[in-house]
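As a plain string of letters, each chain reads:
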Amino acid sequence: MTTPQQPRAQWLGRWGFVLAATGSAVGLGNIWKFPYITGEHGGGAFVLIYLACILAVGVPVMMTEIAFGRRGRGSPIDAVRRVVTESGRSSLWSLLGWMAMLAGFMILSFYVVVAGWSFAYLWKAVSGGLAGASVDDMAAIFAANNANPLNLGFWSTLVTLATMLIVGKGVQAGIEKSVRWMMPGLVVMLVILIGYGMFSGGFIDALRFLFVFDAGSLSSDGMLAALGHAFFTLSLASGAILTYGSYLPARASIARTTVTVAIADTLVALMAGLAIFPVIFANGMSPEGGPGLLFMSLPLAFQAMPLGGLFAILFFVMLSMAALTSAISMVEATVSWLVDNKAVSRRTAAWGTGIVLWLVSTLAMLSFNVGADWTLAGRHFFDWLDYLTSRWMMPLGGLGMVLLAGFVLNSATFRDELGLSPRWHALWLFMVRYVSPLGILVIFVDALGIARIEFGAHWPWLAAVLVAISVIGELASPRLRRTLAG
Ligand code: PFF
């Protein structure tokens, strides 16, 4: 049992953290979710906004969160409380930590269902259940896998058990080691799939779909989805990165680690897109295939390539591992909070959390079969978990974090923790004070229908407003800081 007085466990140097944070960031978000939501939101324009969000919001927020974690040395709730108290500010800000912890838990509740798909497909690949299937068969196989709650429940329960077993064993054991071989393996598999895609006849269409910017194809909802996905894919505002940051040794550079993780994560997502869309176009499938897109497309590619059966097994092993290294990071916040505050052992905390998780995830799993009619405002429980976290909780939580860091806390806190040169520190401050918050707000204003913003045409205006607000903000900032701090 760890108490707050005891020194906290730490990663084995900077690379331990990079591996664990990459393990958290790279997961189903990159390989399952990114391609399918790109498909739903029309391709290139969505990809561009997503990349802009990673750069303008994701990277600054990630640096901020890691700094919070390392400074506060605790779960999101405790770390934020400690850091704000250190600056003499209201501990009510720790509500941000509560929201993050809840978001991580809610995400995991549907994530285990998708990870369960990956395990189920691994089993199908091993047992030959995917061999010889046509495009239509693939859709039928996916539907059949979902239709039986006992089958689907079996796989998501298995994922829940595996997650809790690993988490119960502690932070370092396993995580760093598995990421070390799994991540390169996944990249090799994606390269093979992209190589296959180049000769499948759909590659040019895929490139055009992913990288040709067509402003007209972008809806307000697509913008919010891109923003939410930037948070999701980097594991931000959901407790994971902040808690992992609390195990980061004092010497490691936060900026360098953040950039490394963000680049690795983005490359894997783009590679997944380049692996999946050629298969979609070559087989005359629709990019709007929804959450089943990955599972209905890649098995077709494996079938058509030499040694495809073996590659399919390897691919689903790695996808399942990538899912697990992300899943464990989502409960790390809750478990470390319980251990630090409730005088329970890590194992008890993990299993306790696991039981609640199992109940909620079972409800999410039922959205695909017996609960197919249980909808509220057109969304199933599974969709609600995704919608509330990605479109609301994470962007708003991230907004709170950057405002807190930019305007409310003593500037020495982040200067110490980030340890940047004055010029880089000024850039980070400019990002967290203006670029990230305004980026998030503009997308919200647009998505809530308060004003319709045509990004293609209005960007000079938006840039001018950003500059104006930054200048006014800098002039008024001591006063603003006093007001926000109450
Ligand atoms: N970043 C993970 C992925 O892309 O699959 C998902 C995720 C992990 C979200 C951890 C949130 C989190 F706290």
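Residues numbered from 1 in each chain as written. Predicted model: local features only at pLDDT ≥ 70, side-chain atom pairs only at ≥ 80, totals over all residues. Heavy atoms only, no water.

### With respect to the overall build of the protein chain
- The secondary structure content of the protein chain amounts to 19 helices and zero strands.
- In terms of overall size, the protein chain behaves like a compact globule, its C-alpha atoms giving a radius of gyration of 22 Å where 486 residues would be expected to give roughly 23 Å.
- Across its three principal directions, the C-alpha atoms of the protein chain cover 65 × 55 × 40 Å.
- Counting every position in the protein chain, which comprises 486 residues, the buried fraction comes to 57%.
- Residue pairs at least 24 apart in sequence account for 82% of intrachain contacts in the protein chain once pairs closer than 6 positions are excluded. (Helix = DSSP H or I, 4+ residues; strand = E, 2+ residues; numbered from the N terminus. Rg over C-alpha atoms; globule rule 2.2 N^0.38 Å. Buried < 20%, exposed > 50% of the residue type's maximum accessible area, 1.4 Å probe, protein only. Contact = heavy atoms within 4.5 Å.)

### Focus: unusual backbone geometry
- For Ser235, which is not glycine, the phi torsion reads 60° and is therefore positive.
- Overall, Ser235 belongs to the buried group, its relative accessible area being 7%.

### Brief notes about the nonpolar core
- Core analysis: the largest hydrophobic core is formed by 158 residues, its most contacted members being Phe68 and Phe315.
- With 18 residues, the single largest contributor to this core is helix α5 (residues 95-127).
- If near-sequence neighbours (up to four positions away) are discounted, Phe315 is found in contact with Ile31, Met189, Leu190, Leu193, Leu294, Leu298 and Phe302. (Core = buried A, V, L, I, M, F, W, Y, C linked by side-chain atoms within 4.5 Å.)

### Some words on a nonpolar patch on the surface
- Judged by side-chain polarity, Leu92, Leu95 and Trp98 come together as a nonpolar surface patch covering roughly 340 Å² of accessible area.
- With respect to the helices and strands, Trp98 occurs in helix α5.
- You can call Trp98 partly exposed: its relative accessible area is 39%. (Patch = residues over 30% accessible without salt bridge, like charges linked within 9 Å, V, L, I, M, F, W, Y side chains within 5 Å. Areas by Shrake-Rupley, 256 points an atom, 1.4 Å probe, with all protein chains shown as cover. Salt bridge = Lys/Arg side-chain N within 4 Å of Asp/Glu carboxyl O.)

### Details of the pattern of salt bridges
- Tallying each qualifying case throughout the model produces 10 salt bridges.
- Between Arg208 and Asp205 there is a salt bridge whose closest N-O contact spans 3.5 Å. Residue Arg208 and its partner Asp205 are both found in helix α9 (residues 203-211); the two are separated by three residues, about one turn of the helix.
- Across the salt bridge formed by Arg346 and Glu332, the nearest N and O atoms sit 2.8 Å from each other. Within this pair, whereas Arg346 is found in helix α15 (residues 346-366), its partner Glu332 is found in helix α14 (residues 308-341), the two being separated by 14 residues in sequence.
- Put simply, Arg70, Arg71, Glu86, Asp416 and Glu417 are held in one network by salt bridges that share partners.

### Things to note about helix α12 (residues 254-282)
- Counted at 1.5 Å a residue, the expected span for α12 with its 29 residues is 42 Å, and the 43 Å between its end C-alpha atoms agrees.
- Within α12, 21 of the 29 residues are buried, which leaves it mostly tucked inside the rest of the structure.
- For α12, the N-terminal cap is Ser253; the gap from its side-chain oxygen to the backbone nitrogen of Arg256 is 3.0 Å.
- Remark: Gly284 follows α12 within two positions and exhibits a positive phi of approximately 65°. (Expected span 1.5 Å × (residues − 1). Polar contact = N/O pair within 3.5 Å; in protein donor to acceptor, adjacent residues only side chain to side chain.)

### Points about the site of the ligand
- Around the ligand there are 16 residues in total, and Ala25, Gly29, Tyr111, Phe232 and Ser238 lie nearest to it.
- Within the contact set of the ligand, an oxygen atom lies 3.3 Å away from a side-chain nitrogen or oxygen of Asn30.
- Taking Tyr111, its side chain carries an N or O atom lying 2.5 Å from an oxygen atom of the ligand.
- In isolation the ligand exposes 340 Å². Once the protein is present, 100% of that is buried.
- Broken down by secondary-structure element, the contributors of at least two residues to the shell around the ligand are α1 (13-25), α2 (28-40), α5, α10 (220-233) and α14. (Near = heavy atom within 4 Å.)

### Overview of the packing of aromatic side chains
- Under the counting rule described, the total for this entry stands at 28 aromatic pairs.
- Between Phe142 and Phe295, the aromatic rings sit 6.0 Å apart at their centres with planes inclined by 10°, giving stacked as the arrangement. Here Phe295 lies in helix α13 (residues 293-304) and Phe142 lies in helix α6 (residues 135-147), a separation of 153 residues in the sequence.
- For Phe295, a relative accessible area of 0% gives the class buried.
- The interplanar angle of 80° and the centroid separation of 6.0 Å between the aromatic rings of Phe407 and Tyr434 together place this pair among those described as edge-to-face. (Phe/Tyr/Trp six-rings, centres within 6.5 Å; stacked < 30°, edge-to-face > 60°.)

### Structural notes on the side chain of Ser75
- Mapped onto the secondary structure, Ser75 falls in the loop between α3 (44-72) and α4 (76-86).
- Those residues in contact with Ser75 that sit more than four places away from it in its chain are Arg8, Leu242, Thr243, Ala333, Ser336, Trp337 and Asp340.

### Thoughts on the confidence of the model for the protein chain
- Confidence along the protein chain averages 90 in pLDDT terms, with 95% of residues attaining 70 or more.
- In the model of the protein chain, helix α19 (residues 455-484) stands out as the element of lowest mean pLDDT, 76, in contrast to α5, which has the highest, 97.
- Scored below 50 in pLDDT, residues 1-5 makes seven contacts in the model with residues more than four places away or belonging to other chains. (pLDDT = per-residue confidence, 0-100.)

### Examining the side chain of Thr353
- You can see Thr353 is positioned in helix α15.
- Classification of Thr353 by relative accessible area gives buried; the value is 5%.
- A distance of 2.6 Å separates a polar atom in the side chain of Thr353 from the backbone oxygen of Ala349.
- Setting aside its immediate chain neighbours within four residues, Thr353 contacts Phe105, Met164, Val331, Thr334, Val335 and Leu338.

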